[in-house]
Amino acid sequence: MWILGGHAESPITCVKARALTTKDLNVERIHAEDVIEHASRPWMADRVPSQWYGEGVKSSINWLLGDSARPPVDPAGRGSYGSGSELPAMLGYG
């Protein structure tokens, strides 16, 4: 995991890790929002990661920065789109 130092590069911008700052996380979150937007456009969809990937990165960063108390995964580690995920029900969506 990039945040904990398990990967050398950030998930979307592929920037080499150094001591992470909140600015680094905010920059990555902005790029995640771009992925979400671009993935919904048919002419861009094959050039960027999936919308779900962008949403997962964004929700993880929101949670890490304390901007959201909602966890990005359920207790089994599944995101909202994972098969059998309990996250939508935990968040009141299902």
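Asker: Where do I start with the nonpolar core in this structure?
Answerer: Membership of the largest hydrophobic core is limited to 6 residues, which are Ile12, Leu25, Ala32, Val35, Val57 and Ile61. In this view, valine 35 contacts Ile12, Val48, Pro49, Ser50 and Gly54; residues no more than four positions away in its chain are not counted.

Asker: Honestly, unusual backbone geometry in this entry has me stumped. Any pointers?
Answerer: Leaving glycine out, the prevailing phi sign among residues is negative, and the prevailing peptide bond configuration is trans. In this model, cysteine 14 sits at a positive phi of 60°, which is unusual for a non-glycine residue. Cysteine 14 gets classed as partly exposed once you look at its relative accessible area, which sits at 44%.

Asker: Help me understand the side chain of arginine 29 in this model?
Answerer: By the element assignment, arginine 29 lies in helix H1 (residues 22-39). The residues contacting arginine 29, other than those within four sequence positions of it, are Lys58, Ile61, Asn62, Leu65 and Asp67.

Asker: It is not clear to me how the pattern of salt bridges should be interpreted in this structure. Could you clarify?
Answerer: Side chains that differ in charge, positive against negative, can pair when their charged atoms come close. Applying the stated criterion across every chain yields a total of 3 salt bridges. Between arginine 29 and aspartate 67 there is a salt bridge; the shortest N-O distance is 2.7 Å. In this pair, arginine 29 is assigned in helix H1 and aspartate 67 in the loop between helix H2 (51-64) and helix H3 (87-90), connecting sequence segments 38 residues apart. Looking at arginine 29, the relative accessible area reads 13%, which means it is buried. For glutamate 33, the salt bridge is made with lysine 58, and the minimal N-O distance between the two is 3.5 Å.

Asker: How do you make sense of H2 when you look at a structure like this?
Answerer: Along an α-helix, residues three or four apart share an orientation, since each turn contains 3.6 residues. When the terminal C-alpha atoms of H2 are compared, their 20 Å separation across 14 residues agrees well with the 20 Å that a helix rising 1.5 Å per residue should span. Residues of H2 that are buried include every one of Gly54, Val57, Ile61 and Asn62, and no others. The buried residues of H2 occupy an angular sector of 135° when the element is viewed end-on, so they sit on one face. Glycine 66 lies just past H2 and shows a positive phi near 80°.

About the criteria used
- Residues numbered from 1 in each chain as written.
- Predicted model: local features only at pLDDT ≥ 70, side-chain atom pairs only at ≥ 80, totals over all residues.
- Heavy atoms only, no water.
- Core = buried A, V, L, I, M, F, W, Y, C linked by side-chain atoms within 4.5 Å.
- Buried < 20%, exposed > 50% of the residue type's maximum accessible area, 1.4 Å probe, protein only.
- Contact = heavy atoms within 4.5 Å.
- Helix = DSSP H or I, 4+ residues; strand = E, 2+ residues; numbered from the N terminus.
- Salt bridge = Lys/Arg side-chain N within 4 Å of Asp/Glu carboxyl O.
- Expected span 1.5 Å × (residues − 1).
- Arc of directions from axis to C-beta.

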